[in-house]
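Results of the structural survey
In case you want the letters, here they are:
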Amino acid sequence: METSMAKPSFLRNIMVRVLLFGVLIIVVRFAYVVTITGESCNRGDFCFFSLPENLNFVIAGTGSGASAIDAIRSTSPGDDLYTTRDWIKAVQFYSSIFQDLIADGYLSPESKTLCVETAVGQEVYSLRQIGVKNSVGISKKAFRPLVVRGEGHAIPFEDNSFDFVFSGGGRLGKSLKQLEFADEITRTLKPEGFAVVHVGATDTYSFNSFLDLFNSCRLVKMRDIDGFDSSMPHIREFVIQKYSEIETHHRKNSGADSGGKCWIPGYKRDLIRDAEPLIQEEPLKPWITLKRNIKNIKYVPSMVDIRFKSRYVYVDVGARSYGSSIGSWFKKEYPKQNKTFDVFAIEADKAFHEEYKIKKKVQLLPYAAWVRNETLSFEINHDPGKEVEAKAKGRGMGRIQPVKKSSSSSSGDLAGEVNLIQGFDFAHWLKNTVRERDFVVMKMDVEGTEFDLIPRLIKTGAICLIDELFLECHYNRWQRCCPGQRSEKYSKTYNQCLELFNSLRQSGVLVHQWW
């Protein structure tokens, strides 16, 4: 009797375990597809079985001649998402945009089309609805059948794959890798193909910065349109066309060296017109006047939108301690528009080097900025006009001179502490470190060496790489300690400093008088 009752119980346990095992397999499969592979899992079969036949799919080519999109079938979405008010509103907006582009000849029903970073594929759906069937979107997380996995800075398709590329929603401006984003659009676009990008640019500076990102394309059309939601109420639409192979080859060959000369574009020169005026008359108390003038400075990011730059760089030439200007001024007061800057500190005085070892976000160059690579004498001496400041900081200011000159100098010229240090060609370093598409801010406090460095920057064309320059010009200023007496430390006059500032601004460089 007990044996006959045990058999059903045993079979029941086996069946329960099999069912639990099957459920476990389905759950694990579901979790894998959603969390690992990035699929949206809207397939109706727990992401376990094969795709239904009526779904679209995209196959990226693996060979050099493979098509970017090999097969696209009709779409029959049944998800509630496709009937929401926001979805319908977005589809109507993008359908209107694409129909205008078809009417203007930039898009056609035969175009192979890519929509970049479209989370749920509204743009792709709009394209297919108006007859551009060969369309696909990419996003960090796939959303089948409209969107496959990919990102704007790493598009998973081959070179020259698409006739038309679209980026909406201001996504280029929001990307942390804007240059890579733009380069990937250009790379995957066919020669003479069209790209349309929607951004929130509103001023001339950001407009030109945007175009600089696409230096392999020409601007065809630009227009301002109203957005369809509050997240982006005003849109600037750019239509750009990739150069043909012949044009690209010609542009590369025509980019020969111009002898170091450079040209600062008009949109950068316009900023000088809105900058604070230079102090024309020599101040009797420069330690007060010049310091107060800092409050009048109009910073570039406070005047224009700097979002479309490939990189953001701050170079402190003559940085001294971290708290001297990097920590106390640039980190706290300079308006950065939420951008992260690469910071370079150039300081030859060994007394400050140890501090920078714990500043992980600052790259120290422990050398002297100079006009060539050579050994220099580095003199530490207190300026009588800065006696109070020097006592407070415990370290005098450093001046550099070529060794061959210092050896013949009188003992009065080298009254302070003198060391041998390595100087480097600063202009050459700058040209190899930053590019025209970067946003470069520079502060220069080099104890009189500015009269050597600035002409060298101009001669080599490196000056054009600087978007904003904060320059302390050293001259025989009135001494704070001794009324009626000038400092003998520097031979230049205030008028010579003013000439230097004026020549920089006339050349198109936005320079500020620094203290």
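Scroll up to find the structure this text is about.
Residues numbered from 1 in each chain as written. Predicted model: local features only at pLDDT ≥ 70, side-chain atom pairs only at ≥ 80, totals over all residues. Heavy atoms only, no water.

So, the nonpolar core
Applicable threshold: The term nonpolar core refers to a set of buried residues drawn from Ala, Val, Leu, Ile, Met, Phe, Trp, Tyr and Cys, joined through side-chain atoms within 4.5 Å. Accessible area is worked out with a 1.4 Å probe on protein chains only. A residue is then buried under 20% of its type maximum, exposed over 50%, and partly exposed in between. A run of DSSP states H or I qualifies as a helix once it reaches four residues; a run of E qualifies as a strand once it reaches two. Both are numbered from the N-terminal end. Residue contacts are defined here by distance: any two heavy atoms, one from each residue, within 4.5 Å place the two residues in contact.
Membership of the largest hydrophobic core comes to 50 residues, with the highest contact counts inside it found for Phe-426, Met-444 and Leu-457. It is helix H17 (residues 494-506) that contributes the most residues to this core, six residues altogether. Apart from the residues lying within four places of it in its own chain, the contact partners of Met-444 are Val-317, Phe-426, Glu-450, Leu-453, Ile-454, Leu-457, Leu-469, Phe-470, Leu-471 and Glu-472. With 30 residues, the next largest nonpolar core counts Ile-272, Phe-330, Val-343 and Phe-439 among its residues.

Let's talk about the pairing of strand E8 (residues 312-317)
Our working rule: At least two DSSP bridges between two strands are needed for those strands to be called paired. Crossover handedness is defined here as right-handed if the route from the first strand over the helix to the second strand goes clockwise, with the strands pointing away from the viewer.
Burial runs high along E8: six of the six residues are buried. On E8, burial covers both faces: Tyr-312, Tyr-314 and Asp-316 on one face and Val-313, Val-315 and Val-317 on the other are all buried. In this structure, E8 lies alongside strand E15 (residues 439-444), joined through six bridges in parallel fashion. Within E15, the residue paired with Asp-316 across the bridge is Lys-443. Two strands pair when backbone bridges link them, and E8 and strand E9 (residues 342-346) are joined in this way by five bridges, in the parallel orientation. Counted as the bridge partner of Val-317 is Ile-346 from E9. One crossover worth recording links E8 to the parallel E9 by way of helix H11 (residues 326-333), and it is right-handed.

Observations concerning the environment of Val-313
Of note, Val-313 is situated in strand E8. By relative accessible area, Val-313 is classed as buried at 0%. In sequence terms Val-313 and Val-434 are 121 residues apart; their C-alpha atoms lie 8.0 Å from each other. Setting aside residues no more than four positions away along its own chain, Val-313 makes contact with Phe-341, Asp-342, Phe-344, Val-434, Phe-439, Val-440 and Val-441.

Structural notes on the pattern of salt bridges
For clarity, the cut-off: Salt bridges are defined as contacts in which a side-chain nitrogen from Lys or Arg sits within 4 Å of a carboxyl oxygen from Asp or Glu.
Enumeration over the complete set of coordinates arrives at 22 salt bridges. The partner of Asp-342 in a salt bridge is Arg-311, and the shortest N-O contact between them spans 2.8 Å. Linking Asp-342 in strand E9 with Arg-311 in the loop between helix H10 (300-303) and E8, this pair joins segments that are 31 residues apart in sequence. Take Asp-342: its relative accessible area is 32%, and that puts it in the partly exposed class. Between Glu-472 and Arg-477 there is a salt bridge; the shortest N-O distance is 3.9 Å. Comparing Glu-472 with Arg-477 shows no difference in burial state: the two are buried. Residues participating in the shared-partner salt-bridge network are Asp-100, Arg-223 and Glu-237.

Quick word on the sheet that holds strand E4 (residues 162-167)
Two orientations exist for strands paired in a sheet by backbone hydrogen bonds: parallel and antiparallel. For clarity, the threshold we go by: Helix axes use the C-alpha atoms of the stretch in contact, all axes being lines fitted to C-alpha atoms, and the angles between their N-to-C directions lie in the range 0 to 180 degrees.
Taken in spatial order, the seven strands line up as E3-E2-E1-E4-E5-E7-E6 in an open sheet, and their pairing is mixed. Taken across any chain shown, the strands that pair with only one partner, and hence form the sheet edges, are strand E3 (147-149) and strand E6 (217-226). Recorded for the sheet is a direction-independent mean angle of 20° between the axes of neighbouring strands. With three bridges connecting them, strand E1 (residues 113-116) and E4 associate as parallel partners. Bridging from a neighbouring strand, Thr-113 pairs with Phe-164 of E4.

Quick notes on the side chain of Arg-171
Tracing the backbone shows Arg-171 in helix H4 (residues 171-174). Leaving out residues up to four positions away in the same chain, Arg-171 has contacts with Tyr-94, Val-116, Glu-117, Thr-118, Glu-123, Phe-181 and His-198.

A look at helix H5 (residues 178-188)
Among the eleven residues in H5, eight count as buried, and that is most of the element. When we look at burial in H5, the residues that qualify are Gln-178, Leu-179, Phe-181, Ala-182, Glu-184, Ile-185, Thr-186 and Thr-188.

Regarding the sheet that holds E8
Across the sheet, six strands lie side by side as E10-E9-E8-E15-E16-E17; this open sheet has parallel pairing. At either margin of the open sheet sits one strand with a lone partner, and together these are strand E10 (362-365) and strand E17 (511-513). Recorded for the sheet is a direction-independent mean angle of 15° between the axes of neighbouring strands. Most of the contacts of H17 go to E17, to which it runs at about 155°, and overall it touches strand E16 (468-471) and E17.

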